[in-house]
Amino acid sequence: MTKTNSTISESERIYPYFPLQVVNTIEGTILVHRHQPWWAAINASAVGCVRQLAGRDGGGMRLRKITVSEESREEVSEKDVHTFAAQLNAAGLLAATPTVIPTPRADSLFLHLTEHCNLSCNHCCMDSGPDRHRALSIATVLRLVDEHIALGGHELVLSGGEPLTWPGLDALLERTHNTGITVRLLTNGTQLDEQRAHFIAARVDEVQISLDGTNAAMHDAIRGPGSFLGATTGARYLLAAGLPNTHLTFSAQISSALATVVESFLILAEQLGAGAVRFLPVRPSGRAADQGGLQGLSGPALADFFDRVHALKQQWRERLHISSGLSGLGLSNVPQPWCPVGKKLTVTAEGVVYPCALLMGNTFSLGNIHTQDLATILRGSAYQQVVEKIHRRIDHTPACLRCEWRAFCQGGCVGMALSNAGAINTPEGPCGCRRRWYTDAAARVIASGD
């Protein structure tokens with residue numbers, strides 16, 4: 001029975017807001033929530049109910065099949081509509097939940113220990129090099145790390161410049177050893193010898209080595225003569241010293257040259273013993289902003305790269321963990337929000353604290369560890385305001401307001417949005433990629449019957 005106008009009015013009184021959108025996949029139809037990362041697979045009868053309930057608009061739910069009757073049909077009765085609406089309401093899917101602003105908590109510290117580096121890579125966003133000597137003092141870093149652990153911090157990321165050139169690294173790793181905090185080291189790998197590799201492998205949870213090509217000619221053109229041999233030899237030293245291969249990652253900047261050899265790069269990473277590969281968009285700052293710096297992909301070329309790598313992730317899932325350069329692609333247990341802004345603080349070699357490694361500008365400065373302790377910075381109004389501003393951005397971004405996947409994507413990486421468009425109230429860029437990937441992922445789950 002087709003629903004009458006009187007029934008529409010009655011339903012709108014009971015359910016005045018319908019926060020769900022219909023999305024078609026190759027395996028069936030799903031409902032997606034506008035404000036929370038919830039979705040549900042539905043049959044044809046349920047589609048008919050949706051049209052009646054939301055005619056004007058028309059997770060825990062990893063896969064919840066909501067059906068109205070055994071018979072698949074689009075014409076539904078008033079009883080069908082109310083039964084279906086009651087199921088949705090009981091599942092919490094009719095709640096008009098607003099964007100959640102979390103209580104800020106810094107779980108991770110990303111430390112730029114020094115601006116000094118033995119290399120002068122032509123894409124370096126920090127403009128590091130052999131002639132740069134600004135660095136955090138050993139005493140300052142040890143104090144800061146102690147504060148971080150005391151405040152409940154779980155992770156420490158050590159970067160630079162080149163952290164292996166910072167004189168306090170061994171003392172820092174001794175301090176963090178056996179504290180339970182996860183330590184990640186980001187390095188070019190060239191400063192590792194057998195002895196240093198043994199020391200680090202026993203005290204670091206993950207090492208990420210920069211590798212920007214499949215051979216010395218490609219890599220050294222970006223990072224300097226001998227750097228390819230140094231990076232690959234350093235990786236071998238770490239594995240020989242006992243670092244599990246699952247704890248070794250190769251990272252690569254997304255350039256036009258790399259885009260032509262992606263599969264070969266994955267093969268090389270596997271042959272060298274890495275357990276993961278991470279592709280990173282080139283940030284147009286530091287030397288990468290110069291005309292002669294490494295030029296990253298953008299626009300359709302970058303979207304094509306993301307699509308290719310996303311397809312390779314499926315093919316390689318039993319061999320390598322691959323990060324395409326886009327984050328927040330999950331369909332289940334999606335954090336609100338997934339963006340680490342405010343949860344992963346960044347500290348520069350000058351001591352300035354920022355809410356993210358991709359948001360290092362005066363607008364986002366939270367304080368300075370030379371004049372404030374970490375607890376004071378975390379209690380400060382600047383920290384609270386920046387976190388709230390960034391996490392409300394999808395409510396002020398027109399493209400996000402119209403998108404059915406907004407609660408999953410959440411506008412994408414705010415740092416990429418700022419780099420690409422110069423403003424945070426914009427999507428990060430490859431919206432088409434994300435829509436396809438979410439829809440395809442939902443179809444795979446439906447097909448699997450999980």
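Scoring rules and cut-offs
Residues numbered from 1 in each chain as written. Predicted model: local features only at pLDDT ≥ 70, side-chain atom pairs only at ≥ 80, totals over all residues. Heavy atoms only, no water. pLDDT = per-residue confidence, 0-100. Contact = heavy atoms within 4.5 Å. Pairing = 2+ DSSP bridges. Helix = DSSP H or I, 4+ residues; strand = E, 2+ residues; numbered from the N terminus. Axes fitted to C-alpha atoms, helices over the stretch in contact; angles between N-to-C directions. Parallel < 35°, antiparallel > 145°, perpendicular 65-115°, else oblique. Left-handed = near helix turned anticlockwise from the far one by under 90°. Nonpolar A, V, L, I, M, F, W, Y, C, P; charged D, E, K, R; others polar. Buried < 20%, exposed > 50% of the residue type's maximum accessible area, 1.4 Å probe, protein only.

Here we look at the confidence of the model for the chain
Thinking step 1. Chain-level statistics for the chain give a pLDDT mean of 86 and a share of 88% at 70 or above.
Thinking step 2. Segment residues 1-15: pLDDT under 50, and 28 contacts once partners within four positions in sequence are set aside and those in other chains are kept.

Brief notes about the sheet that holds strand β6 (residues 155-159)
The strands making up a sheet associate through backbone hydrogen bonding, with each pair oriented either parallel or antiparallel.
Thinking step 1. The strand order across the open sheet formed by ten strands is β11-β10-β9-β8-β7-β6-β5-β12-β13-β14, and the pairing between neighbours is mixed. In this open sheet, the two strands that pair with only one neighbour each are β11 (321-323) and β14 (367-368).
Thinking step 2. Of the strand pairs in this sheet, strand β7 (residues 182-187) and strand β8 (residues 206-210) are connected by four bridges, and their pairing is parallel. In the sheet register, L185 faces β8, and the bridge partner there is V207.
Thinking step 3. Along the sheet, helix α8 (residues 227-240) contacts β8 and β9 (248-254); its crossing angle with β8, the most-contacted strand, is approximately 165°.

So, the packing of helix α4 (residues 138-150) against helix α5 (residues 169-176)
Working note: a packed helix pair is described by the angle between its axes plus the distance between those axes.
Thinking step 1. Where α4 contacts α5, the two axes come as close as 10 Å, and the packing angle between them is 20°. Taken as axis vectors, α4 and α5 run roughly parallel relative to one another. Of the two possible hands of crossing, α4 and α5 adopt the one that is right-handed. On α5, the residues touching V141, L142, V145 and D146 of α4 are A171, L172, R175 and T176.
Thinking step 2. By residue class, the composition of the contact of α4 with α5 is five nonpolar, one polar and two charged.

Regarding the pairing of strand β3 (residues 39-42)
Thinking step 1. The two faces of β3 match: W39 and A41 on one face and A40 and I42 on the other face are all buried.
Thinking step 2. Note that strand β2 (residues 28-33) and β3 share four bridges and pair antiparallel. Across the sheet, T29 pairs through a bridge with I42, a residue of β3.
Thinking step 3. Connecting the antiparallel pair β2 and β3 is a turn made up of five residues.

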